[in-house]
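# Per-entry structural report
Here is what each chain is made of, one letter per residue.
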Amino acid sequence: MDPKDLQPESLAAQSLGWVDPVTKAISPPIHASTTFIRDADNQYRSGRGYARADNPAFDQAEALIAQLEHGAQGALFASGMAAATAVFQSLAPGDHVLAPKVMYWSLRNWLMNFATAWGLKVELVDMTDPAAVHTALRPGQTRLVWIETPANPLWTITDIAATAALAHGAGARVAVDSTVATPVLTRPLELGADIVMHAATKYLNGHSDLIAGVLVTRTDDDFWKRIKTVRAQLGGTLGSFESWLLLRGMRTLYLRVRAASASAQRIAEHFAGHRHVEAVLYPGLREAPGYAVAARQMQGGFGGMLSLRVKGGASGGETAAIATAAHVQLWKRATSLGGTESLIEHRASVEGAGTPAPPDLLRLSVGIEHVDDLIADLEQALARAHG
Ligand SMILES: *Cc1c(COP(=O)(O)O)cnc(C)c1O
């Protein structure tokens with residue numbers, strides 16, 4: 001069967017059906033070589049010279065993620081941050097870029113502290129409001145609009161199609177951090193985005209044992225070539241073993257993301273209106289501000305990430321939230337997301353001054369444990385925190 005006729009679940013489960021032509025192995029070898037033979041006539045017909053620029057260990061993972069995102073090409077990076085910053089570093093000093101006020105904290109910090117020092121004019125906007133984006137765009141000067149949806153840690157939703165239309169009208173490219181949605185739930189390139197970014201550390205790998213990032217482009221254009229040059233020259237390349245692990249993790253991507261999404265929906269519905277919970281932030285709740293857009297651009301679920309704002313009584317919501325995290329037994333108190341195990345964290349403690357995370361907010365990454373166990377553990381932790 002032509003891979004083009006297969007469903008993405010089938011492509012992921014078999015890593016595109018690749019079989020080693022020499023050994024007939026169905027799991028690929030790990031290519032560790034840093035260097036490649038030059039032809040006797042001084043050419044590099046294999047297309048490979050040195051593994052900082054490119055590595056056969058990337059081929060299958062890059063091809064698979066490109067196919068799942070319906071893009072032209074993928075590129076692996078040493079981390080999600082290396083992937084994201086490569087996009088900004090492919091711009092020129094003086095370029096104006098728009099980024100969301102609510103976004104992944106480390107990237108926001110880098111944009112405000114380093115990208116600006118390098119000459120990018122970074123403007124933070126309410127990316128959930130197309131009118132605000134329209135006002136902020138400077139035709140001919142804005143070169144990139146960065147979207148994250150659902151966005152850390154409030155799980156706000158940006159309308160990718162509407163924002164991309166506005167950005168393109170002003171001559172700007174659109175990149176989407178789709179780490180939380182994954183290609184299982186959203187395909188930003190089909191909605192008009194030019195580049196998709198993933199912290200592959202999270203759902204794509206899915207086992208909390210690997211730091212990696214990936215970009216996928218809609219077209220193999222000059223900007224993409226600059227991004228590949230940034231990767232090769234700044235050296236944010238992924239290792240061979242990590243590339244192999246990522247490919248293995250992606251075999252179960254569809255099962256994991258669907259299970260986590262279904263459980264997150266159950267948990268969100270269970271704790272909405274709970275006596276110890278001020279608010280549940282989850283785009284899959286009908287009352288969520290982003291519900292209508294999310295229902296349109298996410299298929300088959302709203303993702304495995306949600307936040308609970310904990311009621312505090314006399315001692316305040318922050319104390320109660322930290323106490324709730326202290327009392328969980330099954331959930332693991334840790335940062336990160338997208339693994340098989342469920343994680344809980346007091347987000348304001350992680351982000352510090354200037355965070356948009358309210359002090360009473362607990363960020364939850366739902367794993368693939370039984371949802372009844374997850375709910376029971378949160379129930380007892382909330383009860384003890386409100387002792
Ligand atoms: C984790 C994460 C990143 C950064 O990825 P790293 O692999 O940790 O560098 C970027 N965006 C989002 C949404 C993330 O969750």
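About the criteria used
- Residues numbered from 1 in each chain as written.
- Predicted model: local features only at pLDDT ≥ 70, side-chain atom pairs only at ≥ 80, totals over all residues.
- Heavy atoms only, no water.
- Near = heavy atom within 4 Å.
- Polar contact = N/O pair within 3.5 Å; in protein donor to acceptor, adjacent residues only side chain to side chain.
- Areas by Shrake-Rupley, 256 points an atom, 1.4 Å probe, with all protein chains shown as cover.
- Helix = DSSP H or I, 4+ residues; strand = E, 2+ residues; numbered from the N terminus.
- Nonpolar A, V, L, I, M, F, W, Y, C, P; charged D, E, K, R; others polar.
- Phe/Tyr/Trp six-rings, centres within 6.5 Å; stacked < 30°, edge-to-face > 60°.
- Buried < 20%, exposed > 50% of the residue type's maximum accessible area, 1.4 Å probe, protein only.
- Lys NZ or Arg CZ within 6 Å of the ring centre and 35° of its normal.
- Arc of directions from axis to C-beta.
- Contact = heavy atoms within 4.5 Å.
- Pairing = 2+ DSSP bridges.
- Axes fitted to C-alpha atoms, helices over the stretch in contact; angles between N-to-C directions.

What follows covers the site of the ligand. If you check the shell around the ligand, you find 15 residues, and the closest are Gly80, Met81, Asp177, Thr201 and Lys202. Within the side chain of Lys202, an N or O atom sits 2.7 Å from an oxygen atom of the ligand. When the ligand sits alone it has 380 Å² of accessible area, and the protein chains cover 93% of it. Mapped onto the shell around the ligand, the elements with two or more residues apiece are α3 (80–89) and β6 (195–199). Grouping the constituent residues of the shell around the ligand by class yields seven nonpolar, five polar and three charged.

Here the focus is the packing of aromatic side chains. Both the distance between ring centres and the angle between the ring planes are used here to describe each pair of aromatic rings. With the rule as written, the count across this model stands at four aromatic pairs. Ring centres of Phe241 and Trp244 lie 6.1 Å apart, and the angle between their planes is 10°; this geometry places the pair in the stacked category. With Phe241 and Trp244 both in helix α9 (residues 240–250), this residue pair falls three residues apart, about one helical turn. Note on Phe241: relative accessible area 43%, which makes it partly exposed. Each member of the aromatic cluster is reached from another via a ring pair, and the members are Phe88, Trp110 and Trp146. It is Arg231 that lies over the ring of Phe77; its NZ or CZ is 5.8 Å from the centre.

What follows covers helix α12 (residues 317–327). Residue pairs spaced three or four apart in an α-helix point in one direction, given the helix's 3.6 residues per turn. Of the residues making up α12, those classed as buried are Gly317, Ala320, Ala321, Thr324 and Ala325. Angularly, the buried residues of α12 cover 135° about the axis, an arc narrow enough to put them on a single face. Structurally, α12 contributes buried residues whose contacts are with β9 (305–310), β10 (332–333), β11 (343–346), β12 (361–365) and α14 (371–385).

So, about the environment of His346. Secondary-structure assignment places His346 in strand β11. A sequence separation of 160 residues divides His346 from Thr186, and the C-alpha atoms of the two residues are 27 Å apart. Those residues in contact with His346 that sit more than four places away from it in its chain are Glu318, Ala321, Ile322, Pro359, Leu361 and Leu362. Side-chain polar atoms of His346 contact the side chain of Ser349, separated by 2.5 Å. Polar side-chain contacts of His346 include one of 2.6 Å to the backbone oxygen of Pro359.

The next point concerns the sheet that holds β10. The five strands are arranged β8-β9-β12-β11-β10 in an open sheet whose pairing can be described as mixed. Among the strands making up the open sheet, the edge pair consists of β8 (277–281) and β10. Relative to the sheet, helix α10 (residues 253–271) contacts β8 and β9, its axis offset from that of β9 by approximately 20°.

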